[in-house]
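Geometric and topological summary
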Amino acid sequence: PSRCEPAVPCLLLQMARTQKNKATAHHLGLLKARLAKLRRELITPKGGGGGGPGEGFDVAKTGDARIGFVGFPSVGKSTLLSNLAGVYSEVAAYEFTTLTTVPGVIRYKGAKIQLLDLPGIIEGAKDGKGRGRQVIAVARTCNLILIVLDVLKPLGHKKIIENELEGFGIRLNSKPPNIGFKKKDKGGINLTATCPQSELDTETVKSILAEYKIHNADVTLRSDATADDLIDVVEGNRVYIPCIYVLNKIDQISIEELDIIYKVPHCVPISAHHRWNFDDLLEKIWDYLKLVRIYTKPKGQLPDYTSPVVLPYCKTTVEDFCMKIHKNLIKDFKYALVWGSSVKHNPQKVGKDHTLEDEDVIQIVKK
């Protein structure tokens, strides 16, 4: 990627110099698209020799959800992992103690949650500084990211880490843009907007798509979208991950400062060393993961409340439940009996398309 590296600062400089108004929106959109393309080339270098992709931090995914700890060196990620999961991750008073990913597992409300202590990242990680690329590549596979910050210097660090993750295609605490995009073989660019647009017009959309060599497509804007939103949809490799900011080392600040911190959204103040406020952190993690617990009931027996089957919130149909247990279960599936908040009367006979809710009880009846 050496060719792209000098190009990125040049583009950023050009964008900073350009005045922002209606006349230049078209030009800025073009520059943003060019920048996104170069960044993608930086992230996924073109295969050269036959040397393989190099060493990553690949850790096998276990449990029902995966949480990554991201942060600068020496903010207490390893201490937090050790005290939460009882896993020994090397802790020392110098920076960059953790050099590879250290996994740990906690059980919470019946779910098995994998915690990953990632090596500290530094500014410029998205451009390959330190071992930033590998760290952020693992962060992309997580269901939740905990950005661990030092409470004495939180805001500067928060901004830098967000920038690094954004540059790598990770969008924190946001939903995918409401834009329909469909390539075609002919017919040019058709732009439909279902609400007034403040930034995108036909010219800007055409110039952004032309940068990707797309000249025939249907684009539907269902919300007031920006050029960045359109680029995210065209690139198609963005991941949308919930994120909690964990402010560590609160034993070093006053009560008044703590009151202010508690008002910040997505924030949990803790002390990893003293194990303060862990229950609040775990509760918030549970809220953000949005896991759904389903209890099983064998025929003629009481439900098993000790080990629920845990599903992600976007995949909670009876079919998803069967697939989680074993793919052959759906072949022999006749109907299911469900008790709980997802049904009108208990038990209710349901098919495989029925959506289950948290703490439902299910009994599968086979053919």
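Everything discussed here concerns the structure shown above.
Structure report, in brief.

Cut-offs applied
- Residues numbered from 1 in each chain as written.
- Predicted model: local features only at pLDDT ≥ 70, side-chain atom pairs only at ≥ 80, totals over all residues.
- Heavy atoms only, no water.
- Helix = DSSP H or I, 4+ residues; strand = E, 2+ residues; numbered from the N terminus.
- Buried < 20%, exposed > 50% of the residue type's maximum accessible area, 1.4 Å probe, protein only.
- Phe/Tyr/Trp six-rings, centres within 6.5 Å; stacked < 30°, edge-to-face > 60°.
- Lys NZ or Arg CZ within 6 Å of the ring centre and 35° of its normal.
- Salt bridge = Lys/Arg side-chain N within 4 Å of Asp/Glu carboxyl O.

Moving on to unusual backbone geometry. The step from Asn-346 to Pro-347 runs through a cis peptide bond, and the omega angle for that step is -15°. On the secondary structure map, Pro-347 appears in the loop between β14 (333–339) and β15 (348–350). In this model, Asn-277 sits at a positive phi of 65°, which is unusual for a non-glycine residue. Tracing the backbone shows Asn-277 in the loop between β11 (267–269) and α9 (278–289).

Now for the environment of Gly-167. Topologically, Gly-167 is positioned in helix α5 (residues 154–167). The class for Gly-167 is buried, based on a relative accessible area of 12%. A C-alpha to C-alpha distance of 7.2 Å links Gly-167 and Arg-39, two positions 128 residues apart in sequence.

The next point concerns the packing of aromatic side chains. Using the criterion set out here, one finds two aromatic pairs in the structure. With 6.0 Å between their ring centres and 70° between their planes, Tyr-108 and Trp-286 make a pair best called edge-to-face. Within this pair, whereas Tyr-108 is found in strand β2 (residues 102–108), its partner Trp-286 is found in helix α9, the two being separated by 178 residues in sequence. Per residue, the accessibility class of Tyr-108 equals that of Trp-286, and both read buried. When the ring of Tyr-295 is compared with that of Tyr-305, the centres are 4.9 Å apart and the planes differ by 75°; the resulting orientation is edge-to-face. Residue Tyr-295 is found in strand β12 (residues 291–296), and its partner Tyr-305 is found in strand β13 (residues 304–312); the two are separated by 10 residues along the sequence. Of the residues examined, Tyr-295 reaches a relative accessible area of 7% and is grouped as buried. Here Tyr-305 falls in the exposed class, since its relative accessible area comes to 52%. In this arrangement the basic side chain of Lys-290 is found over the ring face of Tyr-313, its NZ or CZ atom lying 4.9 Å from the centre.

Moving on, we come to the pattern of salt bridges. Per the stated rule, a full pass over the model turns up 15 salt bridges. Across the pair Glu-199 and Lys-32 runs a salt bridge, and its minimum N-O distance is 4.0 Å. With Glu-199 in the loop between β7 (189–193) and α6 (202–211) and Lys-32 in helix α2 (residues 25–43), this pair connects stretches of sequence that are 167 residues apart. Ionic pairing is found between Arg-171 and Asp-232, a salt bridge with its closest N-O pair at 2.9 Å. Of this pair, Arg-171 sits in strand β5 (residues 170–172) while Asp-232 sits in helix α7 (residues 227–235), and the two are 61 residues apart along the sequence. Side by side, Arg-171 and Asp-232 carry an identical accessibility label, which is buried. Salt bridges sharing partners connect three or more residues here, namely Glu-166, Arg-171, Asp-232 and Arg-238.

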